[in-house]
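# Understanding the architecture of this molecule
Now for the letters of each chain:
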Amino acid sequence: MIIIMPKNIIKKSMCVLIVCGSILFPGHIVAQKLVVKNGVATYSADTIMGKKFEVPDSWNKIVIKKGVTITGSFYMGSRTKPIEIMGESRETSVIQGDGSRPTDDGIKGRSYSAIRCDGSPDLYVHDLKVTRPMKFHIHGGFGNVTVERCNIIAGTHTFTTDGIHGGKGKTIVKDCYIDVYDDALYTSECKLIENTTIVHNKNGGPFMTSWGASVPEGHVCVIRNCKVIGNYEGPNYNHGVVS
């Protein structure tokens, strides 16, 4: 608790009280949108952070409070340290795109994904809703990636809105709901997919084995207690349930 008073004057009506990241004026509490303490960055109000917000290397954890929407994307270009990105509600702790798509819609465009690592840090994402991304939803790089209790929902009918990517044979997805217009998961990357529901739209494969790349020798992906919901009534899907 910090109390700030005008110099040499003590008047109750003039003091400013800062408590837990808020500023208290007479009759008002103005909450700060972002508070960073001991490496934990907490978003407590809706925030527009813009395309490819570069996560400081000093942050070890990002918390999105219940009822808070973050617009933009978290980008970690050279990170090597583990990081956790979490919400308090998979319904109302939201990361969303700004409605745009990258000019380069190829490999470079992946840096506009809602959560993107270029390297291979350990990434743990949980209890969030990720929707309307500018590219993929989560591209965690090439290391250990775990995603739990998340709603991954494209929201708009746009291709290349893949669900979750991580390192080959290093990715775990548990208790998620995935409704995207491209590939939901790559089984060459996942070692476990459990208790997860995937909506099968026309363009993507719920379980894509690979896309122009070899599968690691001896790799096993365990798919346990999952559900696929068909969501296309035309003559054919572009990909099967397992592709």
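Residues numbered from 1 in each chain as written. Predicted model: local features only at pLDDT ≥ 70, side-chain atom pairs only at ≥ 80, totals over all residues. Heavy atoms only, no water.

## Structural notes on the overall build of the chain
- Assigned secondary structure in the chain consists of 0 helices and 26 strands.
- Across the 243 residues of the chain, 43% fall into the buried class.
- The contacts in the chain between residues at least 6 apart in sequence include a share of 50% that link residues at least 24 apart.
- In the structure as shown, the chain presents an accessible area of about 12200 Å², 54% of it carried by carbon and sulfur atoms. (Helix = DSSP H or I, 4+ residues; strand = E, 2+ residues; numbered from the N terminus. Buried < 20%, exposed > 50% of the residue type's maximum accessible area, 1.4 Å probe, protein only. Contact = heavy atoms within 4.5 Å. Areas by Shrake-Rupley, 256 points an atom, 1.4 Å probe, with all protein chains shown as cover.)

## Observations regarding the nonpolar core
- Core analysis: the largest hydrophobic core is formed by 37 residues, its most contacted members being Phe74, Val125, Ile178 and Leu185.
- The biggest single contributor to this core is strand 9 (residues 69–76), with 3 residues.
- Ignoring sequence-local partners within four residues, the contact set of Leu185 consists of Ile164, Val173, Ile178, Cys190, Ile193, Ile198, Gly205, Pro206, Phe207 and Met208. (Core = buried A, V, L, I, M, F, W, Y, C linked by side-chain atoms within 4.5 Å.)

## Here's the deal with the pairing of strand 6 (residues 40–43)
- What you see with strand 6 is a clean split: Ala41 and Tyr43 sit on the buried side and Val40 and Thr42 on the side with no burial.
- As paired elements, strand 5 (residues 34–37) and strand 6 share 4 bridges and run antiparallel to each other. Its bridge partner lying in strand 6, Leu34 is registered against Tyr43.
- Counted between consecutive antiparallel strands, the loop separating strand 5 from strand 6 contains 2 residues, among which Asn38 sits at a positive phi close to 50°. (Pairing = 2+ DSSP bridges.)

## Points about the packing of aromatic side chains
- The tally for this structure, following the rule as stated, stands at 4 aromatic pairs.
- Where Tyr232 meets Tyr237, the ring centres are 5.5 Å apart and the plane angle is 65°; that geometry is what we call edge-to-face.
- Classification of Tyr237 by relative accessible area gives partly exposed; the value is 28%.
- Each member of the aromatic cluster is reached from another via a ring pair, and the members are Tyr43, Phe53, Trp59 and Phe74.
- For the cation-ring pair, Lys52 lies above Tyr75, with the distance from its terminal atom to the ring centre recorded as 5.6 Å.
- The ring of Tyr112 carries Lys52 above its face, with NZ or CZ at 4.9 Å from the centroid. (Phe/Tyr/Trp six-rings, centres within 6.5 Å; stacked < 30°, edge-to-face > 60°. Lys NZ or Arg CZ within 6 Å of the ring centre and 35° of its normal.)

## Observations concerning the confidence of the model for the chain
- Averaged over the chain, the pLDDT score is 88; the fraction of residues at 70 or greater is 87%.
- Every residue in residues 1–30 is under pLDDT 50, and counting partners more than four places away or in other chains gives 35 contacts. (pLDDT = per-residue confidence, 0-100.)

## Observations regarding the pairing of strand 8 (residues 61–64)
- Pairing between strand 6 and strand 8: 4 bridges, direction parallel. Opposite Ala41, over in strand 8, you have Ile62 as the bridge partner.
- Examined bridge by bridge, strand 8 and strand 10 (residues 83–87) share 4 bridges and lie parallel to one another. Across the sheet, Lys61 pairs through a bridge with Glu84, a residue of strand 10.

## Description of the side chain of Asp127
- Its place among the elements puts Asp127 in the loop between strand 13 (123–126) and strand 14 (129–131).
- By relative accessible area, Asp127 is classed as buried at 18%.
- In terms of polar contacts, Asp127 uses its side chain to reach the side chain of His126, at 2.6 Å.
- Apart from the residues within four sequence positions on either side, Asp127 is in contact with Gly87, Glu88, Ser89, Arg90, Ser93, Glu148, Arg149 and Cys150. (Polar contact = N/O pair within 3.5 Å; in protein donor to acceptor, adjacent residues only side chain to side chain.)

## Details of the side chain of His137
- Looking at the element boundaries, His137 is found in the loop between strand 14 and strand 15 (138–139).
- Contacts of His137, omitting those with residues within four sequence positions, involve Ser113, Ala114, Ile115, Val130, Thr131, Ile152, Ile153, Ala154, Thr161, Asp162, Gly163 and Val180.

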